[in-house]
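The lines below spell out each chain.
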Amino acid sequence: MQSVLGGTMQKASEAVSGAMSSNKKLADFKPNMRHQSADTPVTTDSGVKQSTHDLWLSASTGDRQGPALLEDNYAREKIMRFDHERIPERVVHARGTGAFGNFKLYESAEDVTSAGVLTDTSRNTPVFLRFSTVLGSRGSADTVRDVRGFAVKFYTDEGNWDIVGNDIPVFFIQDAMKFPDVIHAGKPEPDNEVPQAQTAHNNFWDFAYLHSEATHMLMWANSDRGIPRSYRMMQGFGVNTYTLINSEGVRSFVKFHFTPTLGVHSLVWDEALKLAGQDPDFHRKDLMTAIDMGGFPYMEIWDSEELLPVRYIGELQLNRNVDEFFTQTEQAAFCTAHVVPGIGFSDDPLLQGRNFSYFDTQLSRLGVNWQELPVNRPVCPVMNNNRDGALRHKITPGKINYWPNRNSVVPPSSYAEGAYYDYPEKVVAMKQRLHSVKFSEHFSQAQLFYNSLSVYEQAHLTKSLAFELDHCDDPVVYGRMVERISDIDLSLAQAVAEKVGGPIPQSAKRANHGKKAKGLSQADFTPEALGLPPTIASRGVAIIIADGFNLFEYEAVKATLSAAGAFCFTIGSKRQPIIPESGGKGVAADHHFEGVRSTMFDALYIPSGSHATTLLKQGRVIHWIREAFGHCKAIGATGDAVKLVETACAVEGMAFSSSASEVVDSYGVVTGGGVGDGPSGVKEGLRMIKGAKNFMDAFAYAISLHRNFQRELDGLTDLVAF
């Protein structure tokens, strides 16, 4: 992976050069686009221009309002259309957002598949990717603890190929027959519709204990993977095992992986809880903002087979936000059965059921002609004898709608002409309801996952389980789950039992095998772990100022971080111009202190200046700093502002700069006398290295680490109220 990701940004630039202008899917959308302007007057749906948006036709006079008239078809049409705007929301994955982009191969996979999308390195395949939560309704929050959906539609030359995956490579169930049960158990309880978008309740954990095959998935969902920092910073997995067939008819088993080049990062739990109320659209806004600002998300893609390393052969870039959410995101529909020649299905019982379910669910949401909707239709020719049905758009002239026919209309293709090839697998078995023996082992992989986590990830998982079970008020439920956790690790079960009040187990039900594996901890996907240079690309940095701030430091830090790809936002005491210490017309803030919170950014910086005295008297600013400290974020301060940060974070074990020339990095809190002696101190480019002596280098390096979890492990965050 290191060799692939090392030059990824350069390769991506080359790969997508001109891709948006030549994107077949964007061209396909054009006939359906209707652009509004001051020169496009209002009409009815039948095209008749109208003189008003506001007044229903009525029998009225200048001094008397009379009855509304039923004959006003325009008004009735407007109300009728409004009354019918909603379609059934998805039963699962209702809350989501998406973006368009391109997929480009760097290495042909012709040794294992004949699929053009995976073998033709000259192609630039258009894609649409929808991210989502699973359990919550369409109006729920983005940052809840949940599995995240990761569904990709490749508009290939041979037809649409859908990978309908998640950010977690395993699942709660092994057989699709159990899907209604696991979702019913996780959804709000049926008697009171509580709780929304979370599994912290009796029903889910009752199911989890009684259905032991869910144990492995529970470890993933309650790890940091359950609360990703961004859709741009989480992995995607095809979940199920598929097959690839090459041109010689040889079959291979495959799992699809997507790994973001920004690394795999998460929120912390307190932050996720607060964001759910402060900014419930946090993830969708983060994705849209990054694309609008040119911080296009990149993801490496390929496959793995059990016991084999992941083979990365291509890159997916998201580079265009949707033009209209409903028509392009809400109406987007995916189906695991959508594969192209060279890609097939394994006997995975979950996949076999999904192939039916995903097709079936679109019928109730969108109708039988859902594949004709602009976002769902292929960019290649579509021709068959399927006809009619509600909302049919396609017009097929001619007398023939059957096969065989006298004119050989719509003939079958040969394999040489690109027809889909079903691998001729020999099957000898008995018809019966059972799973093979290998499906009965439910705990060794859960142990492997837990063992492979970093120390701080294990601590977070412990706290997550304790939170979830704390919301179960049935002692049978949380008592039995403690017993189940002891199947994974005794010390984990004991820690959770102490918090939730369950019986504390004294011995493990089964011994932890102690094995570990790479690629399970998010720490395995940091730039450092991958041998890549540190990056602060698309990291949100809040610069806090008030009247009397140091303009040079403000501009220097903002320019330097922005040049390295960070997104800098000015947070001030007001959105009126904020006057620097040196005077002048002032700086307009993006937000004021009460308008946003530290939870919405990756790092904070406060420049020097007399404004520090004012900020010391602002309780909200002190809270900003303490909250960022509690969430293990990078904090930077120079000159007079060092005292402000020290006041907010002065706990045992912390150190701060005490001289003009000293730069101190203490648990990711970087303080210094200034940003440099002159322009050369900030214009030479960042050198993000551990132990840097220059303030900007040290601060940027702290940001690049995402969080300083050693601050939490050493107990410093417990000493600050946030």
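Residues numbered from 1 in each chain as written. Predicted model: local features only at pLDDT ≥ 70, side-chain atom pairs only at ≥ 80, totals over all residues. Heavy atoms only, no water.

Chemist: Would you mind going over the overall build of the protein chain in detail, with residue names and values included?
Modeler: Secondary structure assignment for the protein chain yields 23 helices and 17 strands. Relative to its length of 722 residues, the protein chain is compact, with a C-alpha radius of gyration of 28 Å against a globular reference of 27 Å. Expressed along its principal axes, the backbone C-alpha trace of the protein chain runs to roughly 95 × 85 × 55 Å. Expressed as a percentage of its 722 residues, the buried residues of the protein chain come to 52%. Contacts in the protein chain between residues far apart in sequence, at least 24 positions, make up 70% of those at least 6 positions apart. (Helix = DSSP H or I, 4+ residues; strand = E, 2+ residues; numbered from the N terminus. Rg over C-alpha atoms; globule rule 2.2 N^0.38 Å. Buried < 20%, exposed > 50% of the residue type's maximum accessible area, 1.4 Å probe, protein only. Contact = heavy atoms within 4.5 Å.)

Chemist: Mind laying out the packing of aromatic side chains, listing which residues take part and the relevant values?
Modeler: Inspection of the entire model under this criterion finds 26 aromatic pairs. Ring centres 4.2 Å apart and planes at 20° place the aromatic pair Y456 and F709 in the stacked group. In this pair, Y456 sits in helix 13 (residues 455–470) while F709 sits in the loop between helix 22 (695–704) and helix 23 (710–713), placing the two residues 253 residues apart along the sequence. Across this residue pair, the class does not change: Y456 and F709 are buried. By the ring-pair criterion, three or more aromatic residues cluster together here, those being F103, F154, W161, Y242, F256 and F345. (Phe/Tyr/Trp six-rings, centres within 6.5 Å; stacked < 30°, edge-to-face > 60°.)

Chemist: Outline the sheet that holds strand 15 (residues 634–638), listing residues and values.
Modeler: The sheet built from 7 strands is open, its strands ordered 13-12-11-14-15-17-16 with mixed pairing. The sheet is open, and its two edges are formed by strand 13 (591–592) and strand 16 (663–666), each paired on a single side. Of the pairings in the sheet, the one linking strand 14 (residues 603–606) to strand 15 comprises 4 bridges and is parallel in character. Bridging across to strand 15, I606 finds its partner in A637. Contacts from helix 19 (residues 619–630) reach strand 11 (540–545), strand 12 (567–572), strand 14, strand 15 and strand 17 (669–672) within the one sheet, and its direction differs from that of strand 14 by about 140°. (Pairing = 2+ DSSP bridges. Axes fitted to C-alpha atoms, helices over the stretch in contact; angles between N-to-C directions.)

Chemist: Can you explain the pattern of salt bridges? Please cite residues and give values.
Modeler: Using the criterion set out here, one finds 40 salt bridges in the structure. Put simply, D286 and R232 hold a salt bridge, and the shortest N to O gap is 2.9 Å. Residue D286 is found in helix 9 (residues 282–292), and its partner R232 is found in the loop between helix 7 (215–221) and strand 5 (236–237); the two are separated by 54 residues along the sequence. The salt bridge partner of E271 is K633, with a shortest N-O separation of 2.9 Å. (Salt bridge = Lys/Arg side-chain N within 4 Å of Asp/Glu carboxyl O.)

Chemist: Just give me the short version of the nonpolar core, but keep the residues and values in it.
Modeler: Core analysis: the biggest nonpolar cluster contains 45 residues, and F172, W205 and L469 have the highest contact counts within it. Secondary-structure elements contributing two or more residues to this core are helix 5 (179–186), helix 6 (202–210), helix 7, helix 12 (444–452), helix 13, helix 14 (475–485) and helix 15 (490–500). Excluding residues within four positions of it along the chain, F172 makes contact with V147, V182, F204, H211, E213, A214, M217 and L218. Among the nonpolar cores identified, the runner-up in size contains 36 residues, and F593, L615, I625 and V642 belong to it. (Core = buried A, V, L, I, M, F, W, Y, C linked by side-chain atoms within 4.5 Å.)

Chemist: Describe the pairing of strand 6 (residues 242–245), with residues and values.
Modeler: By the alternation rule, side chains of strand 6 split into Y242 and L244 and T243 and I245, which are all buried. Judged from the 3 bridges that link them, strand 6 and strand 10 (residues 343–345) form a sheet pairing that is antiparallel. Across the sheet, residue L244 finds its bridge partner in strand 10, namely I343. Summarising the sheet, strand 6 and strand 7 (residues 251–260) pair through 4 bridges and their orientation is antiparallel. Each residue of the ladder has a partner; that of T243, found in strand 7, is F253. Connecting the antiparallel pair strand 6 and strand 7 is a turn made up of 5 residues, with G249 showing a positive phi of about 80°.

Chemist: Explain the environment of D281 residue by residue, including any values.
Modeler: The residue D281 is located in the loop between helix 8 (269–278) and helix 9 in this model. On the accessibility criterion, D281 (28% relative accessible area) is partly exposed. In this structure the C-alpha to C-alpha distance between D281 and E652, which are 371 residues apart in sequence, comes to 37 Å.

Chemist: Run through the environment of G314, naming residues and quoting values.
Modeler: Tracing the chain through its elements places G314 in strand 9 (residues 311–321). Accessibility expressed as a relative area gives 0% for G314, which makes it buried. Separated by 209 residues in the primary sequence, G314 and L105 have C-alpha atoms spaced 4.1 Å apart.

Chemist: Summarise the confidence of the model for the protein chain; cite the residues concerned and give the values.
Modeler: In this model, the protein chain carries a mean pLDDT of 94, and residues with pLDDT of at least 70 account for 95%. Low pLDDT (under 50) marks residues 1–13, which in the prediction has 23 contacts with non-local residues, meaning those over four places away or in another chain. (pLDDT = per-residue confidence, 0-100.)

Chemist: Now, about the side chain of S704: what can you tell me, with residues and values included?
Modeler: Mapped onto the fold, S704 is located in helix 22. Accessibility expressed as a relative area gives 9% for S704, which makes it buried. If we ignore the near neighbours within four places in the chain, the residues touching S704 are P534, T535, I536 and M688.

Chemist: Tell me about helix 17 (residues 551–563), and name the residues and values.
Modeler: Across its 13 residues, helix 17 extends 18 Å between first and last C-alpha, which sits within 8% of the 18 Å expected from 1.5 Å per residue. Three or more residues of helix 17 are buried, namely E553, Y554, A556, V557, T560 and L561. Of the residues flanking the start of helix 17, the one acting as N-cap is N550, its side-chain oxygen 3.1 Å from the backbone nitrogen of F552. One or two positions beyond helix 17, positive phi appears at G565, with a value near 100°. (Expected span 1.5 Å × (residues − 1). Polar contact = N/O pair within 3.5 Å; in protein donor to acceptor, adjacent residues only side chain to side chain.)

Chemist: How would you sum up unusual backbone geometry? Please name residues and give values.
Modeler: A cis amide bond links V194 with the next residue in sequence, P195, at an omega value of 0°. Tracing the chain through its elements places P195 in the loop between helix 5 and helix 6. With an omega of 0°, the peptide bond running from W403 to P404 counts as cis. Mapped onto the secondary structure, P404 falls in the loop between helix 11 (349–366) and helix 12. Although it is not a glycine, A197 adopts a positive phi angle of roughly 60°.

Chemist: Give a description of the packing of helix 13 against helix 15 that names residues and reports values.
Modeler: Look at helix 13 against helix 15: their axes get within 9 Å of each other, and the N-to-C directions meet at 40°. The orientation of helix 13 relative to helix 15 falls into the category oblique. Of the two possible hands of crossing, helix 13 and helix 15 adopt the one that is right-handed. Facing L461, T462, L465, A466, L469 and D470 of helix 13, the residues of helix 15 in contact are L492, A495, V496, K499 and V500. The residue inventory of the contact of helix 13 with helix 15, partitioned by class, reads 8 nonpolar, 1 polar and 2 charged. (Parallel < 35°, antiparallel > 145°, perpendicular 65-115°, else oblique. Left-handed = near helix turned anticlockwise from the far one by under 90°. Nonpolar A, V, L, I, M, F, W, Y, C, P; charged D, E, K, R; others polar.)

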